[in-house]
Amino acid sequence: MASLPIGSTIGIIGGGQLGRMLAMAAARFGFKTIILEPQVDCPAAQVANRQIVAAYDDEAALSELARDCAVVTYEFENVPVLAAERVAKSTPVFPSARALEVSQDRLTEKTFINSVGLKTAAFRPIDSDGDLEAGLAAFGGNGVLKTRRLGYDGKGQIVFRQSSKTPVSGSCASLGSVPLILESLVDFEREISIIAARAEDGSLAAFDPAENVHRKGILHSSTVPAAISERTAAAARSAAFAILRALGYVGVIGVEFFVLRDGGLAINEIAPRVHNSGHWTEAACAISQFEQHIRAIAGLPMGDCARHSDCVMENLIGNDVERAAELLAEPGLVLHLYGKTEARSGRKMGHFTRLTRRC
Ligand code: AMP
């Protein structure tokens, strides 16, 4: 694809904070954006040129989006694959529907990751408490039971430890009797993620890995640099590049890893989009993950991922947003709020990045 002319319109499926930050990055290059999102006045539409208010699988809305945009992307991985395929009939969709398909189902995702020669936790599909009993026995009594689809921020998961004797009976029903996956419980030293990108011409780029801390299943902080060896960082980078190549991917991807006690890596999941653990790039790099994604999908040269500062990004969840004014008084702190009016518990309202040291 030739690069998009200035003034072209980019479609974004999904209207949350990731869509908002993508729309802002697109605007800096003179692109217009249209958001497809059922929720009126969503965070992304507040900063975009237009919103199509409709369900993600609304055929008329998808046709309108395809007609009015030069390229279409998305900000979350649960966009229906059929919706992406429908748009792709007439307008390029980046990343492709295949990337959505792979990442929407944890079983497909892990099978794909292993097929590229990369490690994950051991896993098996679970459709009944009997399957679960057998799976736990195979994994030494420890495991994490997860819904295969639509799980996020630790929702739809039960942890089993041999020591705590969590009852198996009724577990599948308690997760909604939907297709499940049991993963072995990984004894990790820390969690990291890497934000990488691929352009249509095959060029690759990756930001430095971030070290992530989760609280109640939600990302709390990302620290860069991560406390890992250069060898582990290089392995994370080459794993992300292997995934991007295997998918013929265009755009930014987030890859989450467990760092094992011996410095080895197991992939937890991939997100075919910009990622919460990459928000630090807007403060500590000349080019953010959002700009990198826009560059990749618009056929522009990939940006330099170099980091000018060490930093710590923290999410503002629920009432944390009340700290905004106090945080703004701190020098070397970059604040970002998402324009959400209601600070419900567990809701991501914003984030900030503290620059801790110039590199
Ligand atoms: P997920 O929704 O799959 O990203 O899981 C949320 C968090 O639960 C991860 O960031 C880990 O802290 C933990 N977790 C998930 N899967 C496993 C696993 N197989 N072994 C150990 N911890 C896990």
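Residues numbered from 1 in each chain as written. Predicted model: local features only at pLDDT ≥ 70, side-chain atom pairs only at ≥ 80, totals over all residues. Heavy atoms only, no water.

### Some thoughts on the overall build of the protein
Threshold: Only runs of H or I of at least four residues qualify as helices and only runs of E of at least two qualify as strands under DSSP, and these elements are numbered from the N terminus. What the globule rule says is 2.2 Å times the number of residues to the power 0.38, and the radius of gyration is computed from C-alpha atoms. The contact criterion used is simple: two residues touch if any of their non-hydrogen atoms lie within 4.5 Å. Here the Shrake-Rupley method, with its probe set to 1.4 Å, supplies the accessible areas, and only the displayed protein chains count as covering residues. His is not counted, nor are the chain ends; Lys and Arg add positive charge and Asp and Glu add negative charge. Here the site of a charge means atom NZ of a Lys, CZ of an Arg, CG of an Asp or CD of a Glu.
What the protein contains, in helices and strands, is eleven helices and 17 strands. Against the 2.2 N^0.38 benchmark of 21 Å for 359 residues, the protein shows a C-alpha radius of gyration of 20 Å, consistent with a compact globule. In the protein, of all internal contacts separated by at least 6 residues, the share reaching a separation of at least 24 is 61%. For the protein, the accessible area works out to roughly 15000 Å², and carbon and sulfur atoms hold 51% of it. Measuring between centres, the 37 positive side-chain charges of the protein sit 2 Å from its 40 negative side-chain charges.

### Let's talk about the sheet that holds strand 1 (residues 9–13)
We apply this condition: Paired strands are those between which DSSP finds at least two bridges. For helices, the fitted axis covers only the stretch in contact; all axes are lines through C-alpha atoms, and the angles between them, taken along N-to-C directions, range from 0 to 180 degrees.
Spatial ordering of the open sheet is given by 3-2-1-4, a layout of four strands whose pairing is parallel. Both edges of this open sheet fall to strand 3 (50–52) and strand 4 (71–74), since each of them pairs with a single strand only. Put simply, the sheet's adjacent strands are angled 25° from each other on average, direction ignored. Judged from the three bridges that link them, strand 2 (residues 32–36) and strand 3 form a sheet pairing that is parallel. Following the sheet pairing, isoleucine 35 is matched in strand 3 by glutamine 51.

### A look at the site of the ligand
Operational definition: For this description, a residue counts as near a given molecule or strand if any of its non-hydrogen atoms is within 4 Å of it. In protein, a polar contact means a hydrogen-donor-capable atom and an acceptor-capable atom, both N or O and within 3.5 Å, with residues adjacent in sequence counting only if both atoms are side-chain atoms; elsewhere, any N or O pair within 3.5 Å suffices. Three residue categories are used. Nonpolar comprises Ala, Val, Leu, Ile, Met, Phe, Trp, Tyr, Cys and Pro, charged comprises Asp, Glu, Lys and Arg, and polar comprises the others, including Gly. Each domain span listed reflects an automatic or database assignment of domains.
For the ligand, the set of nearby residues contains 15 residues, the closest of which are Lys146, Gln157, Ser184, Val186 and Glu191. A distance of 3.0 Å separates an oxygen atom of the ligand from a polar atom in the side chain of arginine 106. Histidine 214 is positioned such that a nitrogen or oxygen atom in its side chain is 3.4 Å from an oxygen atom of the ligand. Listed by contribution, the elements that provide at least two residues to the shell around the ligand are strand 6 (143–147), strand 9 (188–198) and strand 14 (265–271). Taken together, the residues of the shell around the ligand sort by class into five nonpolar, five polar and five charged. Counting contributing residues per domain, the shell around the ligand is built from domain 2 (122–183) and domain 3 (188–358), each supplying no fewer than three.

### A look at the domain arrangement of the protein
Domain annotation for the protein reports domain 1 (9–93), domain 2 (122–183) and domain 3 (188–358). On a C-alpha basis, the centroid separation for the pair domain 1 and domain 2 is 35 Å.

### Observations regarding the nonpolar core
Definition in use: Take the buried Ala, Val, Leu, Ile, Met, Phe, Trp, Tyr and Cys residues and link them wherever side-chain atoms come within 4.5 Å; each set so joined is a nonpolar core. Using a 1.4 Å probe on the protein chains alone, a residue whose accessible area is under 20% of its type maximum counts as buried, one over 50% counts as exposed, and one in between counts as partly exposed.
If you look at the biggest cluster of nonpolar residues, it comprises 46 residues, and the most contacted ones within it are Ile243, Val255, Phe257, Ile267 and Ile270. In terms of residue count, helix 8 (residues 230–247) provides more of this core than any other element does, seven residues in total. The residue makeup of this core includes at least three contributed by each of domain 1 (9–93) and domain 3 (188–358). Among all residues touching isoleucine 267, those that are not within four sequence positions of it are Ile113, Leu118, Lys119, Thr120, Ala121, Ala239, Ile243, Val255, Glu256 and Phe257. Counting residues in each nonpolar core, the second largest holds 41 residues, with Ala23, Ile195, Phe290 and Cys305 among its members.

### Some points on helix 6 (residues 129–138)
Threshold: Directions pointing from the helix axis toward each C-beta atom define the arc.
Listed in full, the buried residues belonging to helix 6 are Leu132, Gly135 and Leu136. For helix 6, the angular spread of buried residues about the axis comes to 95°, placing them on one side. Opposite the buried face of helix 6, by more than 90 degrees, sit the exposed residues Glu133 and Ala137. Packing partners of the buried residues in helix 6 comprise strand 5 (123–126), strand 6, strand 7 (157–160), helix 7 (171–174) and strand 8 (180–183). Looking one or two residues past helix 6, glycine 140 carries a phi angle of roughly 70°, positive in sign.

### Digging into the layout of surface pockets
The following threshold applies: In this analysis, the protein atoms alone were mapped onto a 1 Å grid. Cavities are point sets where a 1.4 Å probe fits without being able to get out; pockets are open sets with protein on both sides within 12 Å along at least five of seven lines; lining residues have an atom within 4 Å of a point. Grid points are joined across faces, edges and corners, and a volume is the space filled by probe spheres set on the points.
Its volume calculated, the second largest pocket comes out at about 340 Å³. In terms of lining, the second largest pocket is formed by 16 residues, of which the most central are Arg215, Lys216, Ile218, Ile317 and Gly346. Looking at the lining of the second largest pocket, the elements that each hand over two or more residues are strand 12 (218–224) and strand 15 (309–317). Looking at the lining of the second largest pocket, its residues break down into three nonpolar, six polar and seven charged.

### Comments concerning the side chain of threonine 353
Take threonine 353: it is sitting in strand 17 (residues 348–358). Residue classification places threonine 353 among the buried positions, given a relative accessible area of 0%. Ignoring anything within four residues of it in the chain, the contact list for threonine 353 reads His279, Trp280, Ala283, Cys311, Val312, Met313, Gly332, Leu333 and Val334.

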